[in-house]
Amino acid sequence: MKYLLLIYNCEPPEPGDPGFAEAVARVNAFADECRARGALVAADKVAAEHTATTVSVREGRTIVTDGPFVETHEHLGGFYVLDCADLDEALELAALCPFAELGTIEVRPLVVVPGVDHRVAVRPVDRAAGAG
């Protein structure tokens, strides 16, 4: 079963900060553990809330708003998607995540809705633009 690990209220060191190299090594070690178990599906850091754009559609009209939808005191810093044997393994891995020492890890099961096509599209690499 797949689980979403949401990383909240975590301020890891940035490049150039003291402790950055050690933090990256710990994050990479955690990812290696997840990969060794065959659990790592995806992971990323998300940009700060002020970079968010919110989209809604009301009565056929698209409304685009700069900033997050709601004011919150919790900062979402990133996520992992893990494919685990069960909730116990997901919780074990959440406890091993180095961000659990700096913030909070929320663990949620991902739900498969029957009939919904969840295939992932693969975008062709545009080598001319320098991608890849």
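For the structure, check the block above.
In this text, all values refer to a predicted model and were calculated from it rather than measured experimentally.

Draft legend 1. Broad picture of a nonpolar patch on the surface. A cluster of nonpolar side chains, contributed by Val111, Val113 and Val116, occupies part of the molecular surface with about 260 Å² of accessible area. Position of Val113 among the secondary structure elements: in the segment after β6 (104–109). A relative accessible area of 42% means that Val113 is categorised as partly exposed.

Draft legend 2. Region of interest: the sheet that holds strand β5 (residues 76–83). Ordered by their spatial adjacency, four strands build an open sheet running β2-β5-β1-β6, and the pairing between neighbours is antiparallel. Edge positions in the sheet fall to β2 (40–45) and β6, since each of these pairs with one other strand and no more. With strand direction ignored, the average angle separating the axes of adjacent strands in the sheet is 15°. Examined bridge by bridge, β2 and β5 share five bridges and lie antiparallel to one another. Bridge assignment links Ala42 to a residue of β5, and that residue is Val81. Helix α2 (residues 87–96) rests against β1 (2–8), β5 and β6 of the sheet, and its axis sits at about 160° to β6.

So, how was this worked out
Residues numbered from 1 in each chain as written. Predicted model: local features only at pLDDT ≥ 70, side-chain atom pairs only at ≥ 80, totals over all residues. Heavy atoms only, no water. Patch = residues over 30% accessible without salt bridge, like charges linked within 9 Å, V, L, I, M, F, W, Y side chains within 5 Å. Areas by Shrake-Rupley, 256 points an atom, 1.4 Å probe, with all protein chains shown as cover. Salt bridge = Lys/Arg side-chain N within 4 Å of Asp/Glu carboxyl O. Helix = DSSP H or I, 4+ residues; strand = E, 2+ residues; numbered from the N terminus. Buried < 20%, exposed > 50% of the residue type's maximum accessible area, 1.4 Å probe, protein only. Pairing = 2+ DSSP bridges. Axes fitted to C-alpha atoms, helices over the stretch in contact; angles between N-to-C directions. Contact = heavy atoms within 4.5 Å.

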